[in-house]
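Structural characterization, general
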Amino acid sequence: KSHEELLIPSTPCRAKTNVMFLKTHKTASSTVLNIMFRFAERYNLTVALPAGQLVHLGYPKTFLASFVEEFQAIGQNYNIMCNHLRFNSSEVQKVMAANAFYFSILRNPIPLLESSYVYYKDSAPAFRISKDVNEYLASPMKYYHPEDYKQNIYARNIMWFDFGYNNNAQNNKKYIQAVLKEIEQNFHLILIADYFDESMILLKHILCWDLDDVIYFKLNSRSQDTVQTLTLKSKEQIKTWCSLDWKLYLHFNQSFWKRIEETIGFEKLEKEVNHLRMRQKELMETCLSDQEAVGKDHIKNKALLPFQSGATDILGYNLKEDLDNRTLRTCQKMVMPELQYTSYLYAVQHPHKKRKQLGLPLPWTSFQEK
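Residues numbered from 1 in each chain as written. Predicted model: local features only at pLDDT ≥ 70, side-chain atom pairs only at ≥ 80, totals over all residues. Heavy atoms only, no water.

**So, the overall build of the protein chain**
Along the protein chain, the regular secondary structure elements total 16 helices and 4 strands. Taken over C-alpha atoms, the radius of gyration comes to 21 Å for the protein chain, in line with the 21 Å a tight globule of 370 residues would show. By its C-alpha atoms, the protein chain is 60 × 60 × 45 Å across when sized along the principal axes. Across the 370 residues in the protein chain, those meeting the buried criterion constitute 55%. The long-range fraction of contacts in the protein chain, counting pairs at least 24 apart against all pairs at least 6 apart in sequence, stands at 71%. Accessible surface computed for the protein chain: about 17,700 Å², of which carbon and sulfur atoms make up 51%. Computed over 46 positive and 40 negative side-chain charges, the separation of the two mean positions in the protein chain equals 5 Å. (Helix = DSSP H or I, 4+ residues; strand = E, 2+ residues; numbered from the N terminus. Rg over C-alpha atoms; globule rule 2.2 N^0.38 Å. Buried < 20%, exposed > 50% of the residue type's maximum accessible area, 1.4 Å probe, protein only. Contact = heavy atoms within 4.5 Å. Areas by Shrake-Rupley, 256 points an atom, 1.4 Å probe, with all protein chains shown as cover. Lys, Arg positive; Asp, Glu negative; His and termini not counted. Charge placed at Lys NZ, Arg CZ, Asp CG, Glu CD.)

In structure tokens:
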């Protein structure tokens, strides 16, 4: 490069505001959803929200554009889409702008399966009839009956299923290669939940967002005492039992680090991850009375209680008492669980529609009055 060229400052990029996030299950995706919702509010963007009383975009049915509220009227002018759906490229394209950025997140199938087991213990027959996760994995076919495959999506290759593929397909090399290629064509970026902070920094760079756009408090996590310890044998078994997810994860874990290297480099990554953690700590000190997530029985404001499932204790947060209005709003949004936030945005975006009935004390009043 000539000397002059080096002096030209790199042109600041413009934040991408048409973004589709495929929310996968048990992959820290509720935290990403919260980031997306806050971004949408900051830039006054239109979110493709579930129609009527739905809280998901038709999941586990394969996605159709009609699952989105007001699709007929709004057409392709939605900016953000991030609620749970089972991916279906042609139908998603009807909803999102042609230049939309598509991304998703994967997690190591070993901790993922244990997390699914505890969370979906009551809803997946295969989990329900087995004693614990290790017993289930010792002989999954004893509990996983083909005729129940629709109820058992969480019990095998759940990520493969979320991406729109058959989670009971044979582990066939050619088939797997074809699917990986298709995912690469449909998605611009795949993040890795096991490296969440690194993922957020990469996302920020690629979407040209600010650090504060990707600051988060960990949402929808569960208390340590509900975690079941996998035996070494179980861990190995997951790689075979969920071989489609395992291949998916290995492939995109590799491309993730390659992408980090090309986009940021490891030195800068480390600096930025530290910066993110510092800013997160600052915000936690500003917002939270306990400095950490607390169990469901310790959440004072029931409007901020996350949905509880299976044998889990899903953690939430208590906000400080005397925050000024602006800080309170920021803090509330950072800790607002998925269902409450979805309903809140729905009420803001579709004021004339009937509110979503969540069967929990809704935080409208407290949000609207402030």
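That covers the picture; the talk isn't over yet.
**Let's talk about the pattern of salt bridges**
Applying the stated criterion to the full structure yields 16 salt bridges. Where lysine 23 meets glutamate 338, a salt bridge forms, and the shortest distance between an N and an O atom there is 3.1 Å. Of the two residues, lysine 23 sits in the loop between β1 (19-22) and α2 (29-42) while glutamate 338 sits in helix α15 (residues 338-349), which places them 315 residues apart along the sequence. Across the pair, exposure class does not vary: lysine 23 and glutamate 338 are buried alike. (Salt bridge = Lys/Arg side-chain N within 4 Å of Asp/Glu carboxyl O.)

**With respect to helix α5 (residues 109-119)**
Extensive coverage of α5 is indicated by the burial of 10 of its 11 residues. Residues of α5 that are buried: Pro109, Ile110, Leu112, Leu113, Glu114, Ser115, Ser116, Tyr117, Val118 and Tyr119. Considering only its buried residues, α5 is in contact with α6 (125-128), α7 (133-138), α8 (158-162), α11 (232-241) and α12 (243-263). With a side-chain oxygen lying 2.9 Å from the backbone nitrogen of isoleucine 110, the N-terminal cap of α5 falls on asparagine 108. (Polar contact = N/O pair within 3.5 Å; in protein donor to acceptor, adjacent residues only side chain to side chain.)

**Some remarks on the confidence of the model for the protein chain**
For the protein chain, the mean per-residue pLDDT works out to 93, and 94% of the residues sit at or above 70. Taken as a whole, residues 361-370 scores under 50 in pLDDT and shows 17 contacts with residues more than four places along the chain or in a different chain. (pLDDT = per-residue confidence, 0-100.)

**A closer look at the layout of surface pockets**
Of the volumes computed, that of the second largest pocket is approximately 530 Å³. In this structure, the second largest pocket is lined by 17 residues; those nearest its centre are Arg38, Arg42, Asp212, Arg329 and Thr330. Looking at the lining of the second largest pocket, the elements with two or more residues in it are α2, α13 (266-287) and α14 (325-335). The residue inventory of the lining of the second largest pocket, partitioned by class, reads 6 nonpolar, 2 polar and 9 charged. (1 Å grid on protein atoms, 1.4 Å probe; cavity = no way out; pocket = protein on both sides within 12 Å on 5 of 7 lines; lining within 4 Å. Points joined across faces, edges and corners; volume = space filled by probe spheres on them. Nonpolar A, V, L, I, M, F, W, Y, C, P; charged D, E, K, R; others polar.)

**So, the pairing of strand β4 (residues 189-192)**
Of the two faces of β4, the one carrying Leu189 and Leu191 and the one carrying Ile190 and Ile192 are both buried. In this structure, strand β3 (residues 101-106) lies alongside β4, joined through 4 bridges in parallel fashion. The partner of leucine 106 across the bridge, within β4, is isoleucine 192. (Pairing = 2+ DSSP bridges.)

**Examining empty space enclosed by the protein**
All chains considered together, the criterion is met by 1 cavity of 30 Å³ or more. Taken as a whole, the largest cavity holds about 30 Å³ of empty space. Every residue lining the largest cavity is listed: Pro109, Leu112, Leu113, Tyr154, Ala155, Arg156, Asn157, Ile158, Cys242 and Asp245. Broken down by element, the lining of the largest cavity gets its largest block of residues, 3 residues, from α5. Residues that form the lining of the largest cavity fall into these classes: 7 nonpolar, 1 polar and 2 charged.

**Observations regarding the side chain of arginine 222**
Relative to the elements of secondary structure, arginine 222 occurs in the loop between α10 (196-207) and α11. Owing to a relative accessible area of 15%, arginine 222 belongs among the buried residues under this scheme. At a separation of 2.5 Å, a polar atom in the side chain of arginine 222 contacts the side chain of glutamate 114. A distance of 3.4 Å separates the side chain of arginine 222 from the backbone oxygen of threonine 226, its partner in a polar contact. Apart from the residues within four sequence positions on either side, arginine 222 is in contact with Glu114, Ser115, Val118, Val227, Thr312, Asp313, Ile314 and Leu315.

**A closer look at the sheet that holds β4**
Strand order in the open sheet formed by 4 strands is β2-β1-β3-β4, and the pairing between neighbours is parallel. This sheet does not close on itself; its edge strands, each paired only once, are β2 (80-81) and β4. Taken together, the 2 bridges between β1 and β2 define a ladder with parallel strand orientation. Paired with valine 19 across the bridge in β2 is isoleucine 80. Where α10 meets the sheet, its contacts fall on β1, β3 and β4, and the angle it forms with β4 comes to roughly 155°. (Axes fitted to C-alpha atoms, helices over the stretch in contact; angles between N-to-C directions.)

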